[in-house]
Amino acid sequence: MNKTFLVTGGAGFMGSNFVHYIYNKYPDAKIIVLDLLTYAGSVDHFPVKHYETSERFEFWYGDVRDSSLVESMVAKADIVVHFAAETHVTRSIFDNRKFFETDVLGTQAITNAVLKNMDRVKKFIHISSSEVYGTAEIEKMDEDHSLNPTTPYAAAKAGADRLVYSYFKTYDIPAIILRPFNNYGPRQHLEKVIPRFITSCILGEDLHIHGEGLMSRDWIYVEDTCEAIDAVINADAKRVNGQTFNIGTGKSITIKELAYIITDIMGVDKERIKYITNRPGQVDRHTAGISQITNILNWKPGTSFEEGIRKTIKWYKDNRHLWEKQLWLRHVPIVLKNGQRVIH
């Protein structure tokens, strides 16, 4: 694949895993990463240490809302994969303005740049989120499920999602929207529940669960998500342009079950599991319906949850030096509707 990829947010969790995937699978591909290196992004996540001298890897420190910078990057790309976003639900309750500025206005800058460079860009893949759906109204949420975002993060992602779709309908840009369900794996920030549980076990701390822990999520290993994006990239444009695809497993696990699985694998006493106040805007259940991506692209996730969680635990055990600097960011102060200030 002798193409140039622009990956926005390529220093973050999902973006960096995708960059590693492309870098290793396609030795002829060139990769350009645009990232502002906010608290969740790091140059330590890149597949090359000396990227300044790499012929295949190019890093630009910058804001996805900077339209002139974005246009200059998109003008060099054959494939644009747009991960850049603020992504933490709890943090969106604490600092919601930043989410709308980055997730919506940043997406507008990228989408406008793609429109201006349609002669060069072959595919524009927008990474949305299952959070746009809100709580599941049916057993498995397909792409036609209503959008009922319940938090500022989810609302911002829904706005960006529909913005991209509107540009496809209005201007016929080569856009594809992907809605990944709950990803986990290497390099995920400690604010997220799986790395928070794992690192709490490593550090000998209590594991904190919101409410009763009965909220369930569809957990997908991040490498499977990378393979799904790759399937979209390699598909005939006529089959995927304008489409929206869920990326998940079709199975759900509750937060309480998740804590039990991790403590079992890591040999930690269940008494370390503690329950705290529930998070505002909590979604009760997410389970992906993936028949569309399976039927059109013949994609299914290949990693079982037990295999994926064991790989993830090993990564955090082996890379303590990379995540210890994030410890102070694991907990976020929020104000409940009754005015009570709590730490989540």
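Residues numbered from 1 in each chain as written. Predicted model: local features only at pLDDT ≥ 70, side-chain atom pairs only at ≥ 80, totals over all residues. Heavy atoms only, no water.

Novice: What should I look at first to understand the overall build of the chain in this one?
Specialist: Each helix and strand counted, the chain has 12 helices and 15 strands in total. At 19 Å, the chain has a C-alpha radius of gyration in line with the 20 Å of a compact globule built from 344 residues. Taken over the C-alpha atoms alone, the chain extends approximately 60 × 45 × 40 Å along its principal axes. Evaluated residue by residue, the chain yields a buried proportion of 57% over its 344 residues. Of all intrachain contacts in the chain linking residues separated by at least 6 positions in sequence, the fraction that spans at least 24 positions is 81%. For the chain, the separation between the mean place of its 42 positive charges and that of its 42 negative charges on side chains is 1 Å. (Helix = DSSP H or I, 4+ residues; strand = E, 2+ residues; numbered from the N terminus. Rg over C-alpha atoms; globule rule 2.2 N^0.38 Å. Buried < 20%, exposed > 50% of the residue type's maximum accessible area, 1.4 Å probe, protein only. Contact = heavy atoms within 4.5 Å. Lys, Arg positive; Asp, Glu negative; His and termini not counted. Charge placed at Lys NZ, Arg CZ, Asp CG, Glu CD.)

Novice: Can you help me understand empty space enclosed by the protein in this one?
Specialist: Picture a little ball the size of a water molecule; that probe, rolled over the atoms, points out where space is still empty. On inspection of all chains with the given rule, the structure shows one cavity of 30 Å³ or more. Counted as a void, the largest cavity has a volume near 40 Å³. As for the largest cavity, its lining consists of H45, R187, Q188, W315, Y316, L322, W323 and Q326. Listing elements by their share of the lining of the largest cavity, those giving two or more residues are α11 (305–318) and α12 (320–323). The residue inventory of the lining of the largest cavity, partitioned by class, reads four nonpolar, three polar and one charged. (1 Å grid on protein atoms, 1.4 Å probe; cavity = no way out; pocket = protein on both sides within 12 Å on 5 of 7 lines; lining within 4 Å. Points joined across faces, edges and corners; volume = space filled by probe spheres on them. Nonpolar A, V, L, I, M, F, W, Y, C, P; charged D, E, K, R; others polar.)

Novice: Is there a simple way to explain the sheet that holds strand β5 (residues 123–127) in this structure?
Specialist: Within a sheet, adjacent strands bond to each other through the backbone by hydrogen bonds, running parallel or antiparallel. Sheet architecture is open: seven strands sit in the order β3-β2-β1-β4-β5-β6-β11, paired in parallel fashion. At either end of the open sheet lies a strand with only one pairing partner, and these are β3 (57–61) and β11 (244–247). Taking the axes of each pair of neighbouring strands and ignoring which way they run, one obtains an average angle of 20° across the sheet. Across four bridges, the pairing between β5 and strand β6 (residues 175–180) is parallel. Of the residues in β6, the one forming a bridge with I127 is L178. Lying on the sheet, helix α2 (residues 67–74) is in contact with β1 (4–8), β2 (30–35), β3 and β4 (79–82); it crosses β2 at an angle near 170°. The strands that helix α5 (residues 152–171) touches are β5, β6 and β11; relative to β6, the one it contacts most, it runs at about 155°. (Pairing = 2+ DSSP bridges. Axes fitted to C-alpha atoms, helices over the stretch in contact; angles between N-to-C directions.)

Novice: Teacher, can you tell me more about the pattern of salt bridges here?
Specialist: When the charged atoms of two side chains lie near each other, side chains of opposite charge can form a pair. Summed over all chains, the structure comprises 16 salt bridges. Residue E71 pairs with K116 through a salt bridge whose shortest N-O separation is 2.9 Å. Taken together, the positions of E71 in helix α2 and K116 in helix α4 (residues 96–116) put the pair 45 residues apart, joining distant regions of the chain. Residue K116 is classed as exposed on the basis of its relative accessible area of 58%. The partner of D264 in a salt bridge is K270, and the shortest N-O contact between them spans 2.4 Å. Three or more residues joined by partner-sharing salt bridges are found here, namely K30, E58 and K76. (Salt bridge = Lys/Arg side-chain N within 4 Å of Asp/Glu carboxyl O.)

Novice: When you look at the packing of helix α6 (residues 193–203) against α11 in this model, what are you seeing that I'm missing?
Specialist: Two numbers describe a pair of packed helices, the interaxial angle and the distance between the axes. As a packed pair, α6 and α11 sit with axes 10 Å apart at the nearest point and diverge in direction by 55°. One element, α6, and the other, α11, form an angle in the oblique class. The handedness of the crossing between α6 and α11 is right-handed. The residues of α11 that touch α6, namely those facing I194, P195, I198, T199 and I202, are F305, I309, T312, I313, Y316 and K317. Its residues assigned to classes, the contact of α6 with α11 comprises eight nonpolar, two polar and one charged. (Parallel < 35°, antiparallel > 145°, perpendicular 65-115°, else oblique. Left-handed = near helix turned anticlockwise from the far one by under 90°.)

Novice: Help me understand α6 in this model?
Specialist: Because an α-helix completes one turn every 3.6 residues, residues spaced three or four positions apart along the sequence face the same direction. Burial analysis of α6 places nine of its 11 residues in the buried class, which makes it a mostly covered element. Buried positions along α6 lie against β7 (182–184), β8 (207–210), β10 (219–221), α9 (255–266), α11 and α12. At the C-terminal side of α6, G204 shows a positive phi close to 75°.

Novice: Whenever I open this one, unusual backbone geometry confuses me. Can you help?
Specialist: The phi angle of most residues is negative, glycine excepted, and most peptide bonds adopt the trans form. Its identity is not glycine, yet L37 carries a phi of approximately 55°, on the positive side. By the element assignment, L37 lies in the loop between β2 and β3. Using a relative accessible area of 29% as the deciding quantity, one classes L37 as partly exposed. Located in the positive-phi region is N298, a residue other than glycine, with phi close to 60°. Considering the arrangement of structural elements, one finds N298 in the loop between α10 (291–297) and α11. A relative accessible area of 69% places N298 in the exposed class.

Novice: What am I meant to see in the packing of helix α1 (residues 13–25) against helix α7 (residues 222–234) here?
Specialist: Put simply, α1 and α7 touch, their axes get as near as 9 Å, and they point 60° apart. Considering the angle they form, α1 stands oblique to α7. Along this stretch, α1 crosses α7, giving a crossing that reads as right-handed. The segment α1 lies against α7, with F13, M14, N17, F18, Y21 and K25 engaging V222, T225, C226, E227, I229, D230 and I233. Grouping the constituent residues of the contact of α1 with α7 by class yields eight nonpolar, two polar and three charged.

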